[in-house]
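Listed below are the residues making up each chain.
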Amino acid sequence: MNGGSGADGDVGMVDEPVAVLVVGGDDEFAARLQSRLDSVTAASVAVASDRTAALAALEDVDCVVRAGPVNDADADEFLAAVRVRDELLPCLAYGPVEETGALLEALATGYTDVVPASDGGAIDVLCDRIVRAVTVTRTRSRANEQATALRAERDRFAALFENIPEPTVFYELDDDDPVALDVNPAFEDVFGYDAETVRGDVVDEYIVPEDRREEAAGLNDRIADGEHLDTEVRRSTTEGDREFLLRDVPLVEGDLMRGYAIYTDITLQRDREARLREATDRLEAQNERLEAFTGVVSHDLRHPLSVAMTYTELLGERYDDEDLDAVENALERMDDLIQDLLALAQQGAAAQDRELLDLETVAREAWAGVDTGSATLSVTTGGAAVRADESRLRQLFENLFANSVKHGSASSRPESADDVAHGDVATADGTGGVGSADGGADDGELHVRVGSLTDDDRGFFVADDGVGIPASERDAVFEQGYSGDDGTGFGLAIVKAVTDAHGWSVTVAESADGGTRFAFTGVDLVA
């Protein structure tokens with residue numbers, strides 16, 4: 001008799017041991033079944049003394065054998081209780097041959113298979129049916145698990161496809177043409193075509209410009225060969241052509257070639273790169289013109305100027321003429337202009353050669369290189385060091401010192417300023433009074449002070465007690481050509497250029513003694 005598991009035959013070995021629970025049978029029956037199963041596969045057979053014990057053991061068994069009469073209420077209740085706990089657990093009925101009719105009816109009530117307990121090979125048949133039922137159940141269980149996992153994976157992938165921010169096309173190659181199976185919302189937003197419009201059509205017909213059709217055909221051939229693409233392409237949208245990074249992932253599914261084409265819009269990036277190239281080209285051209293200009297200034301102008309100054313000096317030795325003094329002054333002014341112009345031209349690039357410099361040392365070296373007359377310098381930096389380009393930092397100090405001496409000297413200060421003794425006065429900005437530097441008093445001579453800022457801004461200042469700069473003119477002092485009197489107008493412009501080259505900031509204000517105070521912040525200062 002064949003039941004629900006199919007015909008008898010050689011079922012072979014199952015992949016894992018089989019645990020069988022016998023309900024209603026005795027130990028002798030279980031031993032016979034164990035012996036037969038052992039000849040086929042690894043197995044264990046246990047006997048449950050009653051229904052309660054059997055139900056408690058269901059979790060650890062692969063098959064249940066209900067031995068004995070099947071046409072009683074207890075057998076039906078037991079099967080119902082088993083199915084409540086596990087719908088797939090194989091349950092076989094092994095009953096007297098006289099109850100063949102009842103056994104056949106048992107198949108309809110939920111038993112997996114039935115075997116009449118006839119003489120001879122009934123145990124062999126039961127063993128085969130057990131192995132077959134367990135094998136089928138395990139196969140179905142694994143298939144269900146795989147199907148569940150596949151559905152979950154597809155759901156996750158569908159969610160990813162829908163939510164990925166880059167425009168994406170799910171396609172299938174048909175004669176090497178990508179036919180759109182679906183597009184995500186990002187594709188609809190960027191390209192301007194909804195899914196219903198392009199689905200089922202060759203997507204290249206919508207998004208590939210006419211002049212790029214041959215290129216696209218070559219890419220499709222590479223996809224057909226299974227190649228993964230990662231390349232830049234131009235594609236058409238409803239609002240015009242744009243640049244994209246195309247990443248294509250082909251998938252072979254049987255005889256079908258499918259895949260996902262992901263487009264990342266890089267139009268803005270490419271536009272920025274193009275503008276940067278143009279700016280770089282313009283800057284290089286400007287630098288070339290600047291180098292040519294500085295060459296003219298340095299050689300073609302300075303040489304004849306030097307000759308003119310030499311002859312003027314010779315003429316001055318021969319003749320005592322005021323006109324020659326005016327000529328000499330004019331030539332010296334031209335020389336100053338050329339020097340400042342060359343210095344300004346050299347400050348254009350960012351400061352690259354930076355090193356840790358002692359601020360006081362650089363300031364005093366710069367002071368020694370300037371004609372300061374009777375002016376005095378005090379430095380109160382507390383041993384602070386600054387990371388900077390040494391030659392440019394020295395140029396900054398030299399220009400500031402020269403500016404103080406030339407435009408804020410005692411001879412140009414109002415008399416009232418000479419009559420005021422400041423003493424050791426601490427200012428609100430923490431810089432201290434310039435006139436009291438190094439304990440000196442206001443003696444009518446110009447005093448210049450360099451110090452570290454003591455507020456939250458990291459930096460340094462240069463202050464003097466000269467005549468100062470009117471508040472209305474402070475915003476203009478760094479402009480090229482600005483001069484308080486007969487200066488070249490480039491000195492403070494060079495200071496600003498050096499500041500910018502280092503990435504610092506500079507402000508100008510009135511010092512505590514009524515002079516001028518330049519403060520530099522954003523400085524890489526090490527106290």
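Residues numbered from 1 in each chain as written. Predicted model: local features only at pLDDT ≥ 70, side-chain atom pairs only at ≥ 80, totals over all residues. Heavy atoms only, no water.

Asker: Explain the nonpolar core to me, please; I cannot follow it from the model alone.
Answerer: A general trend in soluble globular proteins is that nonpolar side chains are found buried together. One finds Val386, Leu393, Phe397, Phe401, Phe460, Phe518 and Phe520 to be the most contacted residues of the largest nonpolar core, which totals 37 residues. Among the elements that take part in this core, helix H13 (residues 390-407) stands out by supplying six residues, more than any other. With residues up to four places along the chain from it excluded, the contact list for Leu393 reads Leu357, Leu359, Val362, Val386, Ala388, Phe460 and Trp504. Core analysis: the next-biggest nonpolar cluster, separate from the first, contains 24 residues, Leu33, Ala67, Ile123 and Ile130 among them. (Core = buried A, V, L, I, M, F, W, Y, C linked by side-chain atoms within 4.5 Å. Buried < 20%, exposed > 50% of the residue type's maximum accessible area, 1.4 Å probe, protein only. Helix = DSSP H or I, 4+ residues; strand = E, 2+ residues; numbered from the N terminus. Contact = heavy atoms within 4.5 Å.)

Asker: What's the story with the sheet that holds strand E17 (residues 516-521) in this structure? I'm lost.
Answerer: Adjacent strands of a sheet pair through backbone hydrogen bonds, lying either parallel or antiparallel. Strand order across the open sheet formed by five strands is E12-E14-E15-E17-E16, with mixed pairing between neighbours. Where the open sheet ends on each side, the last strands, each with one partner, are strand E12 (376-380) and strand E16 (505-510). Strand-to-strand, the axes of this sheet are offset by a mean angle of 15°, without reference to chain direction. Note that strand E14 (residues 447-452) and strand E15 (residues 459-464) share five bridges and pair antiparallel. Across the sheet, Arg449 pairs through a bridge with Ala463, a residue of E15. (Pairing = 2+ DSSP bridges. Axes fitted to C-alpha atoms, helices over the stretch in contact; angles between N-to-C directions.)

Asker: Could you clarify how one ought to interpret the packing of aromatic side chains in this entry?
Answerer: Two numbers describe a pair of aromatic rings. These are the distance of the centres and the angle of the planes. According to the stated counting rule, one finds 13 aromatic pairs in the structure shown. On the numbers, 5.9 Å between centres and 90° between planes, the contact of Phe460 with Trp504 is edge-to-face. With Phe460 in strand E15 and Trp504 in the loop between helix H15 (491-502) and E16, the pair connects residues that are 44 residues apart, well separated along the chain. There is no split in this pair, since Phe460 and Trp504 are both buried. Ring centres of Phe478 and Phe518 lie 6.1 Å apart, and the angle between their planes is 65°; this geometry places the pair in the edge-to-face category. Here Phe518 lies in strand E17 and Phe478 lies in the loop between E15 and H15, a separation of 40 residues in the sequence. Per residue, the accessibility class of Phe478 equals that of Phe518, and both read buried. In this structure an aromatic cluster arises from ring pairing among Trp367, Phe397, Phe401, Phe460, Trp504 and Phe520. (Phe/Tyr/Trp six-rings, centres within 6.5 Å; stacked < 30°, edge-to-face > 60°.)

Asker: Looking at this structure, how should I read the side chain of Thr499?
Answerer: For Thr499, the position within the fold is in helix H15. Thr499 sits in the buried class, given a relative accessible area of 1%. If we skip the residues at most four places from it in the chain, Thr499 touches Leu396, Trp504, Ser505, Val506 and Phe520.

Asker: Sorry, what's going on with the confidence of the model for the protein chain here?
Answerer: Reading predicted coordinates in detail is not appropriate for stretches of low pLDDT. For the protein chain, mean pLDDT is 81; residues scoring 70 or higher make up 82% of the total. Here helix H14 (residues 415-418) is the element of the protein chain with the lowest mean pLDDT, 37, and helix H8 (residues 204-207) is the one with the highest, 95. Note on residues 1-12: pLDDT under 50 across the span, and 31 contacts to partners over four residues away in sequence or across chains. (pLDDT = per-residue confidence, 0-100.)

Asker: Sorry, what's going on with a nonpolar patch on the surface here?
Answerer: A surface patch of nonpolar side chains, amounting to about 280 Å² of accessible area, comprises Val307, Tyr311 and Leu314. Relative to the elements of secondary structure, Tyr311 occurs in helix H10 (residues 267-318). (Patch = residues over 30% accessible without salt bridge, like charges linked within 9 Å, V, L, I, M, F, W, Y side chains within 5 Å. Areas by Shrake-Rupley, 256 points an atom, 1.4 Å probe, with all protein chains shown as cover. Salt bridge = Lys/Arg side-chain N within 4 Å of Asp/Glu carboxyl O.)

Asker: Got a minute to help me understand the packing of helix H1 (residues 27-38) against helix H5 (residues 122-163) in this structure?
Answerer: Packed helices, taken two at a time, are described by the angle their axes make and the gap between the axes. At a closest axis distance of 9 Å, the pairing of H1 and H5 adopts a crossing angle of 65°. As for the relative orientation of H1 and H5, their crossing is right-handed in sense. Residue-level inspection shows Phe29, Arg32, Leu33, Arg36 and Leu37 of H1 in contact with H5, the latter providing Ile123, Asp124, Leu126, Cys127, Asp128, Ile130 and Val131. Counted by class, the contact of H1 with H5 contains eight nonpolar, no polar and four charged residues. (Left-handed = near helix turned anticlockwise from the far one by under 90°. Nonpolar A, V, L, I, M, F, W, Y, C, P; charged D, E, K, R; others polar.)

Asker: Would you mind showing me how to read the environment of Asp248 here?
Answerer: Here Asp248 is to be found in strand E9 (residues 240-253). Here Asp248 falls in the buried class, since its relative accessible area comes to 3%. For the pair Asp248 and Leu229, spaced 19 residues apart in sequence, the C-alpha separation works out to 4.8 Å. Each residue touching Asp248, except ones within four places of it in the same chain, is listed here: Tyr171, Ile223, His228, Leu229, Tyr260 and Ala261.

Asker: Explain the layout of surface pockets to me, please; I cannot follow it from the model alone.
Answerer: The gaps of empty space that remain are located by a probe, the size of a water molecule, rolled over the atoms. There is about 260 Å³ of room inside the second largest pocket. Along its surface, the second largest pocket is lined by Leu150, Glu153, Arg154, Phe157, Ala158, Phe161, Glu162, Asp182 and Tyr260. Broken down by element, the lining of the second largest pocket gets its largest block of residues, seven residues, from H5. Grouping the amino acids of the lining of the second largest pocket by side-chain chemistry returns five nonpolar, no polar and four charged. (1 Å grid on protein atoms, 1.4 Å probe; cavity = no way out; pocket = protein on both sides within 12 Å on 5 of 7 lines; lining within 4 Å. Points joined across faces, edges and corners; volume = space filled by probe spheres on them.)

Asker: Teacher, can you tell me more about the sheet that holds strand E18 (residues 525-526) here?
Answerer: What the three strands build is an open sheet, ordered E11-E13-E18; its pairing is antiparallel. Edge strands, defined here as strands with exactly one partner in the open sheet, are strand E11 (355-358) and E18. Contacts from helix H12 (residues 359-368) reach E11, strand E13 (385-388) and E18 within the one sheet, and its direction differs from that of E11 by about 70°.

Asker: I'm lost on the environment of Ser39 in this one. Help?
Answerer: Positionally, Ser39 belongs in the loop between H1 and strand E2 (43-48). Each C-alpha atom of the pair Ser39 and Cys127 lies 9.8 Å from the other, and the pair is 88 residues apart in sequence.

Asker: Where do I start with the pattern of salt bridges in this structure?
Answerer: Note on pairing: side chains with opposite charge can pair once their charged atoms come close. Under the definition given, this model contains 21 salt bridges. The residue Glu243 makes a salt bridge to Arg234 at a minimum N-O spacing of 2.8 Å.

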